[in-house]
Amino acid sequence: MLQTPDHNISRTRVSGRIDSYKPKYVTHIWQVGGCEFPDLTVAKTQSVFFCSPLSVGDGKSHLNVIGVGSGDGEIDLEMLSELRLKHPGVTVDNEVVEPSAQQLHKYRVSVSQKPALDYIKFNWNKMTASEFEEQWKAKKTTKKADFIHMIQMLYYVKDPGATISFFQSLLDKNGKLLIILVSGESGWARLWQANRTQLCNTEISQWVTTGDVKSYLDSKGVRYQNYELPSQMDITECFTEGDEKGELLLDFLTEVLDFSKTASPELKAAIMELLRHPDCSVESNGRVMFNNNLGVIVIDQLA
């Protein structure tokens, strides 16, 4: 179950994951403490639309879409545009599930400024995924979804498996559930596996990766497709004591504010050693490149 917005997730955590399910690093520019890192490039969701828009609601004139943790809507609108290109003339009912009022406001503003969105009906749900589930069940809603996306949001649920199962149950025939998380083969996975109790909020699933999701799906006999999105992050400055960019990167990687100043010498030494280890990074031309891979999982309707 997802935590509600008023749950006290420590403000010492500094990545884009504070106020919304979906952090900024789904897009081309990552921001940490107001400092931009344009070299940290990750493919946009549109370019990895592996759920194949051609097969989503194939032949339908109307599609039902649910965005779970939609954030400011940037990625949602790209995917909706892609659906429109593949299905000319289709109309869309779009359920937006997002607990942050600020993010929802940004989404609404984007919608108001974009032309030719009259084919989409936006239903705004300022709530967490668990609250959406409760509401859906209380209303005994029978509507099915053709496409559901959960991008960088499973970190905030207590039970990722239960959350996945509920939303999979909403899929219509030929429906697709798209999940994007950090890859189980990424440096993030190694970092969290080694330091989960020191770095992660254990009341939610901050440490979850696509490796965990695949293990769950395998245990339930659920069929899925999975893909890797290769990405690297230059973390060389982390190893220069006192470097401003390096300090911000360390805060981002550990999700602890002022990590260098607040961590014990032992923990800091262990983190620095692991970040440079081949399990997390490679060294090339004098630069330390962190394995920042994302993973994509696409799930079909329950058999």
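This text follows the structure it describes.
Just so you know, these numbers come straight off a predicted model, no measurement behind them. (Residues numbered from 1 in each chain as written. Predicted model: local features only at pLDDT ≥ 70, side-chain atom pairs only at ≥ 80, totals over all residues. Heavy atoms only, no water.)

The subject of this paragraph is the sheet that holds strand E11 (residues 287–291). The 3 strands lie next to each other as E9-E11-E10, forming an open sheet whose pairing is antiparallel. Two strands close off the open sheet at either side, each with one partner strand: strand E9 (232–234) and strand E10 (281–284). Within the sheet, the average angular offset between the axes of one strand and its neighbour, ignoring direction, is 30°. In this sheet, E11 lies alongside E10 in antiparallel orientation, the contact comprising 4 bridges. Following the sheet pairing, Ser-281 is matched in E11 by Phe-290. (Pairing = 2+ DSSP bridges. Helix = DSSP H or I, 4+ residues; strand = E, 2+ residues; numbered from the N terminus. Axes fitted to C-alpha atoms, helices over the stretch in contact; angles between N-to-C directions.)

This brings us to the environment of Ser-215. The topology assignment puts Ser-215 in helix H6 (residues 210–220). Judged by its relative accessible area of 47%, Ser-215 falls in the partly exposed class. Taking the C-alpha atoms as reference, Ser-215 lies 9.9 Å from Gly-161; in sequence the two are 54 residues apart. (Buried < 20%, exposed > 50% of the residue type's maximum accessible area, 1.4 Å probe, protein only.)

This model, assessed by the stated rule, comprises 11 aromatic pairs. Judged by centre distance (6.1 Å) and plane angle (10°), the rings of Phe-132 and Phe-167 are stacked. Linking Phe-132 in helix H3 (residues 129–138) with Phe-167 in helix H4 (residues 160–169), this pair joins segments that are 35 residues apart in sequence. Ring geometry for Trp-188 against Trp-192: centres 5.8 Å apart, planes inclined by 45°, an arrangement best described as tilted. Residue Trp-188 and its partner Trp-192 are both found in helix H5 (residues 187–199); the two are separated by 4 residues, about one turn of the helix. As far as burial versus exposure is concerned, Trp-188 and Trp-192 are alike and both buried. What links up through ring pairs into an aromatic cluster is the set Tyr-155, Tyr-156, Trp-188, Trp-192, Phe-252 and Phe-290. A cation over a ring is seen here: Arg-84 above Tyr-119, with NZ or CZ 4.1 Å from the ring centre. The ring of Phe-239 carries the charged tip of Arg-276 above its face, separated from the ring centre by 4.5 Å. (Phe/Tyr/Trp six-rings, centres within 6.5 Å; stacked < 30°, edge-to-face > 60°. Lys NZ or Arg CZ within 6 Å of the ring centre and 35° of its normal.)

These values are about where atoms sit, not about what they do.
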